[in-house]
Amino acid sequence: SAKSGSPLRFTHYVHMAFDNNGERYFRANAGSVQSSNWDEGIAEKRGAAFMFTCFQRVLQKPDLAADTLNVDLEEHPIPLYETQQKFRELLGQACGNKSRTLIHLDEHKKMIELDESVPKAGKIAAAFRRGAMRIVCNKISRGDQVSSIAVGTYTELPDIPVEGSSAVCREPVP
């Protein structure tokens, strides 16, 4: 546990799921933009705008219906630093100006899935996730500013055949 006044002591926790959360998880609708209009810079900006929209929905409408979690992407997103400033303002309004928020980006690799018609789909998806994560990481300080830190988790299941998986994944109880 963190000592009082430690920069790692959090006032709020936000869980943001991108998969494996029943029907309540966010997903970027990559088909909402032209597949030819992708490069790493645009992908980072779109990732940031996507994350801002996700947080807007979670913080302003916590009882979302499952069908509102599919997020259309912006064709021409604003610069990343502007999205980060909007995020800080949103977090400050929702959590307070001296808040320190721990943000859990659960199954972060699943926030976007690009089809193979997008050139360099793997690099573009990584840039998208990088942009999304950059706006939620705000310096932890002792000042009056909003701060947050993100933890990204991703579970990649091992390739184990269904038959006999219990012997591999569990210890028998005597």
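The model shown is predicted, which means the values in this text are computed figures rather than measured ones. (Residues numbered from 1 in each chain as written. Predicted model: local features only at pLDDT ≥ 70, side-chain atom pairs only at ≥ 80, totals over all residues. Heavy atoms only, no water.)

A closer look at the layout of surface pockets
Approximately 180 Å³ is the volume found for the largest pocket. In terms of lining residues, the largest pocket is bounded by 12 residues, among which His15, Asn21, Arg24, Phe26 and Val58 are the most central. Among the residues making up the lining of the largest pocket, the classes are represented as eight nonpolar, two polar and two charged. (1 Å grid on protein atoms, 1.4 Å probe; cavity = no way out; pocket = protein on both sides within 12 Å on 5 of 7 lines; lining within 4 Å. Points joined across faces, edges and corners; volume = space filled by probe spheres on them. Nonpolar A, V, L, I, M, F, W, Y, C, P; charged D, E, K, R; others polar.)

So, helix 3 (residues 121-136)
Here helix 3 spans 23 Å end to end across 16 residues, near enough to the 22 Å set by a 1.5 Å rise per residue. Within helix 3, the full set of buried residues consists of Ala121, Ile124, Ala125, Ala127, Phe128, Arg129, Gly131, Ala132, Ile135 and Val136. Those residues of helix 3 hidden inside the fold are in contact with strand 2 (27-29), helix 1 (40-60), helix 2 (80-95), strand 4 (100-106) and strand 5 (147-153). (Helix = DSSP H or I, 4+ residues; strand = E, 2+ residues; numbered from the N terminus. Expected span 1.5 Å × (residues − 1). Buried < 20%, exposed > 50% of the residue type's maximum accessible area, 1.4 Å probe, protein only. Contact = heavy atoms within 4.5 Å.)

What to know about the confidence of the model for the protein
Residues of the protein with pLDDT of at least 70 account for 78%, and the chain-wide mean is 79. Within the model, pLDDT remains below 50 along residues 170-174, and this stretch shows zero contacts once partners closer than five positions in the same chain are excluded. (pLDDT = per-residue confidence, 0-100.)

Thoughts on the packing of aromatic side chains
Under the defined criterion, the tally for this structure stands at three aromatic pairs. Taken together, a centroid distance of 6.1 Å and an interplanar angle of 40° make the contact between phenylalanine 18 and phenylalanine 50 tilted. In this pair, phenylalanine 18 is assigned in the loop between strand 1 (12-17) and strand 2 and phenylalanine 50 in helix 1, connecting sequence segments 32 residues apart. Exposure remark for phenylalanine 18: the relative accessible area of 0% places this residue in the buried category. For the pair phenylalanine 55 and phenylalanine 87, a centre-to-centre distance of 5.1 Å together with 85° between the ring planes defines the contact as edge-to-face. Of this pair, phenylalanine 55 sits in helix 1 while phenylalanine 87 is found in helix 2, placing the two residues 32 residues apart along the sequence. (Phe/Tyr/Trp six-rings, centres within 6.5 Å; stacked < 30°, edge-to-face > 60°.)

Re the packing of helix 2 against helix 3
Where helix 2 contacts helix 3, the two axes come as close as 8 Å, and the packing angle between them is 45°. Considered as vectors, helix 2 and helix 3 are oriented oblique to each other. The two elements helix 2 and helix 3 meet at a crossing, and its hand is right-handed. Where helix 2 abuts helix 3, its residues Leu80, Thr83, Gln84 and Phe87 lie against Gly131, Arg134, Ile135 and Val136. In the contact of helix 2 with helix 3, the residues fall into four nonpolar, three polar and one charged. (Axes fitted to C-alpha atoms, helices over the stretch in contact; angles between N-to-C directions. Parallel < 35°, antiparallel > 145°, perpendicular 65-115°, else oblique. Left-handed = near helix turned anticlockwise from the far one by under 90°.)

Concerning the nonpolar core
A general trend in soluble globular proteins is that nonpolar side chains are found buried together. One finds Trp38, Phe50 and Ile112 to be the most contacted residues of the largest nonpolar core, which totals 38 residues. Among the elements of the structure, strand 1, helix 1, helix 2, strand 4 and helix 3 are those that each provide at least two residues to this core. Sorting elements by how many residues they give to this core places helix 3 first, with eight residues. For tryptophan 38, the residues in contact, after removing those within four places along its chain, are Val33, Ala43, Arg46, Leu73, Ile112, Leu114, Val118, Ile124 and Phe128. (Core = buried A, V, L, I, M, F, W, Y, C linked by side-chain atoms within 4.5 Å.)

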